[in-house]
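# Fold and geometry: a report
Here is what each chain is made of, one letter per residue.
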Amino acid sequence: FSNSLGGPFHYDDLHSVQYNPHIRSLSWIPTFFVDPSTFSGQARGFMYRPLLLTTFASDYALWGQNATAFRVGNLAIHIAAAAAFGVLSYLLLRSTLAATVISLIFLVHPLHGEVVNYISARSDSLMALLFVVCCICALKGRSHAVGIGYAASLMVKSVAITLGPMFVMLRGWGGAVTATKSKFMAGAVVLLSIGYLAVLWSTRFLSHSAEVFPRAPTQEIWTQVKGLVYYVWLFASPIRLSVDHPFSVGAATDPAVIMAITVVLSAVGLSWRHRLSVPGLAAIWYGVAILPYVFLPLNVLVAERRAYLAMAGGMLLAGWAWHRLYERRRSQASYIGMSLLVCLVVLTMQRNQVWASGIGLWSDAVEKNQASARAQVNLSLALRRAGRADSARRHLREGLRLDPEFAEGW
């Protein structure tokens, strides 16, 4: 990640970090916990993520508008998350070597590059770090730590609410955890979840989210069911990564949606039947962590950062499979493992180079998705900031031709 640290603020970073007046004083921190409008310098930025904003305010108090400093913070969180998932993998597999390989895959996989390069994606990495630490504490029977960690993760991103179902999945792997402690932790998670939903309701976040659904709820569900398979493909073949994927809205009658439903139902049946095996555990982890995005209102259909926690399940499966091979064919497995890690490192560094400038990021997005008005307009804005007015006008006209209602373009 050495070639990622010098990049600028990107996209949502502008309104949520660079031009957000609320993070410019630590005195705003108490307000973060009661007013979702402090998430952004724009009225549209209405999010309840007070602990995330607290980290942004702390960074600003130390470094001002230094994008490199914010990105170093993202990198530190990502390294900590990779280490934490390595610890969790050891508790599940009881193999230091397998856990180390899984942690390294987590660290250098290019699908995870977005959470380092994109400041706003800190919400996903920080939430995932706290989420994984909660799982570790649950397996170790540290009930009070689970409560504190779960409350903190909810204050970063609402997807952390999936910790309850994840506890059900991990219960068979708990080892020495007593039934009493397990029930106490489950009760604490339920009470905290209810309290969190009450806070979201009282701050108008839930009602606001319902008002801004970008498409019909059923259409959103069919689209994101297709996305469940798409993220797995990105994990297995991370060579077409983009900040704006060519991903279309789905309908119940689309062949791609029907095939995705078939794949998902097959995976659910197999993983539940083999839930106490590592492949079953990995599949359920992915499904539980990614499931909220099937029902949430999403302006951007596919975003790599959303797979950050969920794809830990894929990495657990990959590390387990490699270790099974290592036990039988040590020499061949070593070459395969080293070659895989080197390839992932190279792909990640190539992807970092794309994120190194706004023009590079959105030029790459336009190249991979020329029909995207969002990519065309954002490339135009990046070119305008660089003083390249003629090129900016060309992409701006194309963006508004693709979507005449794109407000930022006008």
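Located above this text is the structure these notes cover.
Here goes a summary of the coordinates provided. Worth saying up front: this structure is predicted, and the values here are computed from it rather than measured.

Under the criterion given, the structure shown has 1 cavity of 30 Å³ or more. Asp124, Met127, Val159, Ala289, Tyr293, Arg305, Arg306, Leu309 and Ala310 are the residues that line the largest cavity. Considered class by class, the residues forming the lining of the largest cavity number 6 nonpolar, no polar and 3 charged.

Let's shift gears to a nonpolar patch on the surface. A cluster of nonpolar residues, Leu197, Trp201 and Leu206, forms a patch on the protein surface that exposes about 320 Å² of accessible area. Positionally, Leu206 belongs in helix α11 (residues 205-211). Assessed through its relative accessible area of 32%, Leu206 is described here as partly exposed.

Glancing now at the state of the cysteines. Taken as a whole and assessed by the stated rule, the structure comprises 0 disulfides. Unpaired in this structure, Cys135 has its nearest cysteine sulfur neighbour in Cys134, at a distance of 7.0 Å. Free of any disulfide, Cys137 has its nearest cysteine sulfur in Cys134, 6.5 Å distant. Looking at Cys137, the relative accessible area reads 14%, which means it is buried.

This part is about the nonpolar core. One finds Phe85, Leu88, Met166, Trp285 and Leu316 to be the most contacted residues of the largest nonpolar core, which totals 115 residues. Broken down by element, the residue count for this core peaks at 13 residues, all from helix α7 (residues 122-140). Ignoring anything within four residues of it in the chain, the contact list for Met166 reads Phe131, Cys135, Trp285, Val288 and Ala289.

With that settled, consider the packing of aromatic side chains. One pass over the full model with this rule turns up 12 aromatic pairs. With 6.4 Å between their ring centres and 50° between their planes, Tyr48 and Tyr196 make a pair best called tilted. Pair noted here: Tyr48 is in the loop between α2 (29-32) and α3 (50-63) and Tyr196 is in helix α10 (residues 179-202), with a separation of 148 residues, a long-range link. Note on accessibility: Tyr48 and Tyr196 belong to one class, buried. In textbook terms, an aromatic cluster arises when at least three aromatic residues are bridged by ring pairs, as seen for Phe85, Phe106, Phe131, Trp285 and Tyr308. Cation over ring: Arg275 sits above Trp272, and NZ or CZ is 4.2 Å from the ring centre.

All right, on to the environment of Val133 then. Its place among the elements puts Val133 in helix α7. Sequence separation of Val133 and Pro255 is 122 residues, and the distance between their C-alpha atoms is 40 Å.

Another aspect to go through is the layout of surface pockets. When its volume is computed, the second largest pocket comes out at roughly 980 Å³. As for the second largest pocket, its lining consists of 36 residues, of which Ala267, Ser271, Ala283, Ile284 and Gly287 are closest to the centre. Among the secondary structure elements, those contributing two or more residues to the lining of the second largest pocket are α9 (163-170), α12 (217-236), α13 (255-273), α14 (278-290) and α15 (312-328). Considering every element that reaches the lining of the second largest pocket, the biggest residue donor is α14, with 9 residues. Considered class by class, the residues forming the lining of the second largest pocket number 26 nonpolar, 8 polar and 2 charged.

All right, on to the environment of Thr253 then. Residue position: Thr253 is located in the loop between α12 and α13. Look at Thr253 and you get exposed, because its relative accessible area is 65%.

Glancing now at unusual backbone geometry. Of note, the phi angle at Tyr11 is positive, near 50°, even though the residue is not glycine. Tracing the backbone through its elements, the reader meets Tyr11 in the segment before α1 (12-18). Despite not being glycine, Arg94 has its phi angle at roughly 55°, a positive value. In this structure, Arg94 sits in the loop between α4 (67-93) and α5 (96-108). Residue Arg94 is classed as exposed on the basis of its relative accessible area of 57%.

Conventions we followed
- By convention here, each chain's residues receive numbers from 1 onward along its written sequence.
- Reporting of local features is limited, given that this is a predicted model, to residues whose pLDDT is at least 70; pairs of side-chain atoms are given and counted only at 80 or more, and all residues count toward the totals for whole chains, interfaces and linings.
- Values reported for side chains reflect all heavy atoms of the structure, with hydrogen atoms and water molecules removed beforehand.
- Both cavities and pockets are sets of points on a 1 Å grid over the protein atoms alone; in a cavity a 1.4 Å probe fits but cannot get out, in a pocket the set is open with protein on both sides within 12 Å along at least five of seven lines, and lining residues sit with an atom within 4 Å of a point.
- Grid points are joined across faces, edges and corners, and a volume is the space filled by probe spheres set on the points.
- Each residue is assigned to one of three groups, with Ala, Val, Leu, Ile, Met, Phe, Trp, Tyr, Cys and Pro labelled nonpolar, Asp, Glu, Lys and Arg labelled charged, and all others, Gly among them, labelled polar.
- Candidates for patches are residues over 30% relative accessible area with no salt bridge; among them, like charges are joined within 9 Å and nonpolar side chains (Val, Leu, Ile, Met, Phe, Trp, Tyr) within 5 Å.
- The accessible surface values rely on the Shrake-Rupley method and a 1.4 Å probe; as for residues, cover is taken only from the protein chains in view.
- Salt-bridge detection follows one rule: a side-chain nitrogen of Lys or Arg within 4 Å of a carboxyl oxygen of Asp or Glu.
- The numbering of helices and of strands both runs from the N terminus, where a helix is a DSSP run of H or I of at least 4 residues and a strand a run of E of at least 2.
- Exposure classes here rest on a 1.4 Å probe applied to the protein chains alone. A residue is buried below 20% of its type maximum, exposed above 50%, and partly exposed in between.
- Only a pair of cysteine sulfur atoms within 2.5 Å qualifies as a disulfide here.
- Side-chain atoms within 4.5 Å link the members of a nonpolar core, which is a set of buried Ala, Val, Leu, Ile, Met, Phe, Trp, Tyr and Cys residues.
- Residue contacts follow a heavy-atom distance rule, with two residues in contact if any of their heavy atoms lie within 4.5 Å.
- Each Phe, Tyr or Trp ring (for Trp, its six-membered ring) is paired with any other whose centre lies within 6.5 Å, and the angle between the two planes then decides the class: stacked below 30 degrees, edge-to-face above 60, tilted in between.
- Sitting over a ring, as applied to charges here, requires NZ of Lys or CZ of Arg to be within 6 Å of the ring centre and within 35 degrees of the ring normal.

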